[in-house]
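Coordinate inspection notes
Residues per chain, in single letters:
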Amino acid sequence: MKFLHSMIRVKNLKESMKFYTEIMGLKLTEERRLEDCTLYFLTDEESGVQIELTDNDEIPGNGYSNGTAFGHFAFYCDDFDKFTERLNKNGYKYLYEPFDLTGKGSNIAFINDPDGNEIELIQKVVW
């Protein structure tokens with residue numbers, strides 16, 4: 001068994017594409033047109049895991065809701081200083097700024113993507 005991707009519906013494809021490629025460093029690797037939507041597969045080139053952005057032809061007026069089951073995506077961040085610079089340059093702010101996870105050898109932070117999905121950033125300080 002191999003994990004392939006997670007799919008999220010987006011309200012503004014251009015904004016979401018910019019966020020996931022320019023800020024999160026994913027690469028657009030595939031695009032598929034279906035009857036009522038277009039799928040965009042963004043790949044983490046190191047692990048091969050993908051996020052599928054689904055751009056539906058008809059989007060609800062007030063967007064989509066995530067319910068209470070979904071928590072967050074998690075990404076490894078090797079340098080919070082560089083990431084913070086990229087984040088600020090693109091007009092985004094932290095939901096929770098980087099902090100030490102109770103002396104466990106990791107710093108973590110949280111941000112939101114353009115659709116409000118939470119993303120956890122993890123930096124291992126000690127391996």
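Quick note: structure is the one above.
So, a few notes on the structure that sits alongside this text. (Residues numbered from 1 in each chain as written. Predicted model: local features only at pLDDT ≥ 70, side-chain atom pairs only at ≥ 80, totals over all residues. Heavy atoms only, no water.)

**What to know about a nonpolar patch on the surface**
Together, Leu 95, Tyr 96, Phe 99 and Leu 101 make up an exposed nonpolar region whose accessible area comes to about 350 Å². Tracing the backbone shows Phe 99 in strand 6 (residues 96–100). Exposure remark for Phe 99: the relative accessible area of 36% places this residue in the partly exposed category. (Patch = residues over 30% accessible without salt bridge, like charges linked within 9 Å, V, L, I, M, F, W, Y side chains within 5 Å. Areas by Shrake-Rupley, 256 points an atom, 1.4 Å probe, with all protein chains shown as cover. Salt bridge = Lys/Arg side-chain N within 4 Å of Asp/Glu carboxyl O. Helix = DSSP H or I, 4+ residues; strand = E, 2+ residues; numbered from the N terminus. Buried < 20%, exposed > 50% of the residue type's maximum accessible area, 1.4 Å probe, protein only.)

**Quick word on the sheet that holds strand 8 (residues 118–124)**
Within a sheet, neighbouring strands are paired by backbone hydrogen bonds and run either parallel or antiparallel to one another. Strand order in this open sheet of four strands is 5-8-7-6, and the pairing throughout is mixed. The two strands at the open ends of the sheet, each matched to only one other strand, are strand 5 (73–76) and strand 6. This sheet shows a mean twist of 20° between the axes of neighbouring strands, independent of strand direction. Its contacts with the sheet put helix 2 (residues 80–89) on strand 6, strand 7 (106–112) and strand 8, and the angle it makes with strand 7 is roughly 10°. (Pairing = 2+ DSSP bridges. Axes fitted to C-alpha atoms, helices over the stretch in contact; angles between N-to-C directions. Contact = heavy atoms within 4.5 Å.)

**A short note on the pattern of salt bridges**
Overall, the coordinates contain two salt bridges when judged by the stated rule. Of the charged contacts, one joins Arg 32 and Glu 30 as a salt bridge, the two residues approaching to 2.6 Å between their closest N and O atoms. Accessibility expressed as a relative area gives 30% for Glu 30, which makes it partly exposed. With a closest N to O distance of 2.6 Å, Arg 33 and Asp 57 form a salt bridge. Here the residue Arg 33 occupies a position in strand 2 (residues 27–33), and Asp 57 occupies one in the loop between strand 4 (50–56) and strand 5, the gap between them amounting to 24 residues. Residue Arg 33 is classed as partly exposed on the basis of its relative accessible area, which comes to 49%.

Interpretation note: all reported values are geometric properties and have no functional meaning in isolation.
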